[in-house]
Amino acid sequence: MTGPTSRPPRRRSALLRATTVVAAVVPLCTAGWLGWRALDHSDPAGATAAPPGAVQSATTAPATPEAPPTSGTPTGTATPTDTPTPSGTPSAAPSASPTAPPAPPAGTADLTGRTVVLDPGHNPGNFSHPTEINRQVDVGNGHKECDTTGTETDSGYTEADYTLDVSRRARALLTARGAKVVLVQDGDRAWGPCVDERARAGADAHADVAVSVHGDGGPASGSGFHVIMPAKVVAGKADNSAIVEPSHRLGLLLRDHFHAATGEPYADYIADQGLDTRSDLGGLNLSAVPKVFIECGNMRNSADARRMTDPQWRQQAAQGIADALTAFLTAH
């Protein structure tokens, strides 16, 4: 759940405990979602073993594509926490894209010499490190929690597990096309990293582009995906002026290619035509390379949850992400 509004609500942190109190009066899904919108989702996902607190360098993709999981069986029981507040007004998703989405690039597209950073949202170990992930970090125009736990489906399949799986699948596709792919974390950290470190990953890797992968935690009645793009932020240590325009081009490509690859409709509970622009996400405010977030679906919605727990659909999601990045990198 990240980004742009897109960070799912349910995260294990001090804020979550506050949200739980509210849930006694308000329906659980709604309370969790509202709380979730208060936090930042720019953080990567899925990690298990690394010294907490240690800043580690991003992991470069292996030459051999990883085998996808054998099943979509839910793992983990982290309760979603909160995320940032949307900057746009939710609108009903259209039944079809206003413009015909471009045909996905050929799988043989040559990306030799190009570097891509994939940022898997959250980390399955975050729930056991509340002190570390609740630490405030400077995002230029304010402060945000270092990270959050992310959301999950009703059956317990976590956003952190989803984002890491899809990012690995996209890495395999892009690597096969010749790109160097760096994951901000690859299941090799006990928690985090913080949103400011994730934002620096693109510059540290001398990347051409970056995408943060998430699953949203919106109201159970809402469904669909949306892409979050950066608003211009020049404040404090943040100045993303140079990346705003190319990031918006990337956002349009990602929306169209993801929709074409998965058939997932635009979100009907947030954003507009599958697009949102936000200034409250550290992962976008502090990025020095073109970057967007994608909320691949609403994990609190039963229909979206069924798709997101299906390995075959996750492969389609990875295909849409890889095709969008390929189109962006080969357009100039």
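Before reading further, recall that the structure is shown in the block above.
Residues numbered from 1 in each chain as written. Predicted model: local features only at pLDDT ≥ 70, side-chain atom pairs only at ≥ 80, totals over all residues. Heavy atoms only, no water.

**As for helix α9 (residues 311-330)**
The periodicity of an α-helix, 3.6 residues per turn, causes residues three or four positions apart to be oriented the same way.
No. 1: In a regular helix each residue adds 1.5 Å, so 20 residues correspond to 28 Å; α9 covers 28 Å between its end C-alpha atoms and thus fits that length.
No. 2: Among the 20 residues that make up α9, 15 are buried, leaving the element largely enclosed by the rest of the structure.
No. 3: A side-chain oxygen of the first residue of α9 lies 2.9 Å from the backbone nitrogen of Gln-312; this N-cap is Asp-310. (Helix = DSSP H or I, 4+ residues; strand = E, 2+ residues; numbered from the N terminus. Expected span 1.5 Å × (residues − 1). Buried < 20%, exposed > 50% of the residue type's maximum accessible area, 1.4 Å probe, protein only. Polar contact = N/O pair within 3.5 Å; in protein donor to acceptor, adjacent residues only side chain to side chain.)

**Comments concerning the nonpolar core**
No. 1: Counting residues in hydrophobic clusters, the biggest one holds 38 residues, and the most contacted among them are Tyr-162, Val-211, Ile-294, Ile-321 and Leu-325.
No. 2: Secondary structure elements with two or more residues in this core: β2 (115-120), α4 (159-176), β5 (180-183), β6 (209-216), β7 (226-230), α6 (241-262), β11 (291-298) and α9.
No. 3: Counting residues per element, this core draws most heavily on α9, at 9 residues.
No. 4: Excluding residues that lie within four positions of it along the chain, Val-211 makes contacts with Val-117, Leu-118, Asp-119, Leu-250, Leu-254, Lys-291, Val-292, Ile-294 and Leu-325. (Core = buried A, V, L, I, M, F, W, Y, C linked by side-chain atoms within 4.5 Å. Contact = heavy atoms within 4.5 Å.)

**A look at the packing of aromatic side chains**
No. 1: Applying the stated criterion across every chain yields a total of 3 aromatic pairs.
No. 2: Arranged with centres 5.9 Å apart and planes meeting at 70°, the rings of Phe-225 and Tyr-266 form a pair that is edge-to-face. Highlighted residues: Phe-225 in the loop between β6 and β7 and Tyr-266 in the loop between α6 and β10 (275-278), separated in sequence by 41 residues. Tyr-266 matches Phe-225 in its accessibility class, with the two residues each being buried.
No. 3: An angle of 80° between the planes, with centres 6.0 Å apart, marks the rings of Phe-258 and Trp-313 as edge-to-face. Of the two residues, Phe-258 sits in helix α6 while Trp-313 sits in helix α9, which places them 55 residues apart along the sequence. (Phe/Tyr/Trp six-rings, centres within 6.5 Å; stacked < 30°, edge-to-face > 60°.)

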